[in-house]
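Understanding the architecture of this molecule
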Amino acid sequence: MTKKLCLVTFGCQMNVHDSQRMEDLMRAAGYDVIPEPEGADVVILNTCSVREKGEQKLRSEAGKLKSNDTVLVVAGCVAQQEGEALVKAMPFIDVVIGPDNLTDLPALVREAELGAPPSVRTVFDTDAPRFLTNPAVPGSVGASAYVTVMKGCDERCSFCIVPYTRGPERYRSADDVVAEIRALVDGGTREVMLLGQTVNSFLDPRVELPPDRDPDESQFPELLRRIAAEAPGLDRLRYTSPHPRHLTASLVRAHADLDVLSTHVHMPVQSGSDRILKRMIRRYTRAEYVRRVNALRDARAGITLSTDIIVGFPGETRDDFEATLSMVREVGFTSLYGFKYSPRPHTPALKLDDDVTEAEKQDRLLALFEVSEALTRAHLATCVGTRVELLIEGPSRPGASTFAGRTRGNEIVHIAAAPGVTAGAVVVAEVVRANKHSLEGRMESVRREAPPKVQPTFRRVALPVVSA
Ligand code: SAH
Ligand code: F3S
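Residues numbered from 1 in each chain as written. Chains lettered and ligands numbered in written order. Predicted model: local features only at pLDDT ≥ 70, side-chain atom pairs only at ≥ 80, totals over all residues. Heavy atoms only, no water.

**Re the site of ligand 2**
- In the region of ligand 2, the neighbouring residues are C153, E155, R156, C157, F159, C160, V162, P163, Q197, T198, H243 and R282.
- Grouping the amino acids of the shell around ligand 2 by side-chain chemistry returns 6 nonpolar, 3 polar and 3 charged. (Near = heavy atom within 4 Å. Nonpolar A, V, L, I, M, F, W, Y, C, P; charged D, E, K, R; others polar.)

**A few points about the sheet that holds strand β15 (residues 387–395)**
- As summarised here, the arrangement of the 5 strands in space is β15-β16-β17-β19-β18, forming a closed barrel in which the pairing is mixed. The average angle at which neighbouring strand axes cross in this sheet is 55 degrees, direction not considered.
- Note that strand β18 (residues 426–434) and strand β19 (residues 439–448) share 8 bridges and pair antiparallel. Paired with V431 across the strands is G441, a residue of β19. (Pairing = 2+ DSSP bridges. Helix = DSSP H or I, 4+ residues; strand = E, 2+ residues; numbered from the N terminus. Axes fitted to C-alpha atoms, helices over the stretch in contact; angles between N-to-C directions.)

**Brief notes about the packing of helix α8 (residues 220–230) against helix α9 (residues 249–257)**
- Orientation of α8 relative to α9, taken along the N-to-C sense of each, is 20 degrees, at an axis distance of 8 Å. Between α8 and α9, the crossing angle belongs to the class labelled roughly parallel. Here the hand of the crossing between α8 and α9 comes out left-handed. Along its contact with α8, which presents F220, P221, L224 and R225, the element α9 presents S250, L251, R253, A254 and D257.
- Within the contact of α8 with α9, the residues separate by chemical class into 5 nonpolar, 1 polar and 3 charged. (Parallel < 35°, antiparallel > 145°, perpendicular 65-115°, else oblique. Left-handed = near helix turned anticlockwise from the far one by under 90°. Contact = heavy atoms within 4.5 Å.)

**A short note on the domain arrangement of the chain**
- Assigned domains within the chain: domain 1 (4–121), domain 2 (128–262), domain 3 (268–286 + 298–383) and domain 4 (384–448).
- Measuring from the centre of the C-alpha atoms in domain 3 to the corresponding centre in domain 4 gives 31 Å.
- Facing the 8 residues of domain 3 at the interface are 12 residues of domain 4.
- Summed over both partners, the interface of domain 3 with domain 4 buries about 760 Å², with 51% contributed by carbon and sulfur atoms.
- Its largest share of buried area at the contact with domain 4, domain 3 owes to E373, L380 and C383, together 63% of the area lost on that side.
- Counting every contact that joins domain 3 to domain 4 gives 1 salt bridge.
- For the salt bridge of E373 with K436, the shortest nitrogen-to-oxygen distance reads 3.3 Å.
- For the pair domain 3 and domain 4, the interface holds 7 residue pairs in polar contact (both at pLDDT 80 or more).
- If one sorts the elements of the side of domain 3 that touches domain 4 by residue count, helix α13 (residues 358–383) sits on top with 7 residues. (Domains from an automatic or database assignment. Buried area = accessible area lost by both parts, 1.4 Å probe. Salt bridge = Lys/Arg side-chain N within 4 Å of Asp/Glu carboxyl O. Polar contact = N/O pair within 3.5 Å; in protein donor to acceptor, adjacent residues only side chain to side chain.)

Okay, structure coming up:
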């Protein structure tokens, strides 16, 4: 009987990508994938440790799975961060595997099935970085695909555990990235999301850098230009997450020149107070951030922006928080993710006193939520009556009779089922109504038919919302 695997994914897009690659590896080793842990022979928890909540989730999920005889694998950032300690604390875990070790997964699972003691593999591949890619088998590519361009992070924002859990920055060559995208597009992929922790710091390891180069200038704009030129069948190109420091004039020019780039950019700002930005070690001021995103808007009509914000960072006063609110209004983010500061191990901010009370953090998060909801509502209202191009992602919900698609600006639009409306099709629709976080549209015509046999899009997430 074919063995069954269940993958549970927490956290960011990098984890979703890693889960997709673990799924490929395990399918190749003969496993079928099922959606729920019940009845699975192997369960993989792909974890997040950016906030403490993620770690708590792992503990409760792992606890639920401990009594049966499934092979339990813990992957992702908590695995990398805790390593051996996880097995000591939860001896029923069979495999702990870090993000750079995924190719070892099938072998470690096989050993566990044969009764081996728990194994822990969390070694960074700093000297010879490996990047797992989408299998470009026609009929198995997604309408949208994640493509990694770099991994790790050298920024060391004072609150963030990612440099510790994902290691130093390592880049793929532009040749490899372009080749992967070309193969995907040949297989039917319409949209590519380039991934990296600071995706726009990309430097091509095959290209020598001038010694006097501006440290903010990367080779990301050139990469975007190459993709546009060498994968002309690609409908949409997006990237996440950029760092504002590398939103340079050359990246702005790429947005002006390249129609394939999405008109929505997610640009984490974290705070609107210069004092807090400095304590966060973000390396820009509020004015610099605003100047850069305004340049981006001037370069390309209709660009919308979303962001990440932390409330209650150590030392954040009511005035600092008010500065954040005023910045959110000034920039006019169409959506945002808001987080309460959560002290993380191995981060410089641990030296600062976590002095904003939980109640105050909660109040600030709700106040932020109110401002951002109003901005989202106002933005969605302006979309009503416009004509948009939608990349259809699949049914609005499992079993729903309507379909959901995304505009170039990243708004979700629901339309009625109709001939030609299937995952991967690009259709033109008129927006007829705005809901709280999405739009409703009336289909007008099919612009590009769905490619044969593409997989439905990666897990569809709603427009960013404020969350705890
Ligand atoms: N560059 C990364 C950022 C990873 S963390 C990316 O690609 O998304 C994602 C977001 O989590 C950050 O932008 C920040 O807003 C939030 N975050 C990170 N560390 C945090 C902490 N200690 N407490 C609260 N929020 C945090
Ligand atoms: Fe984290 Fe800052 Fe890097 S938020 S991922 S240290 S850019």
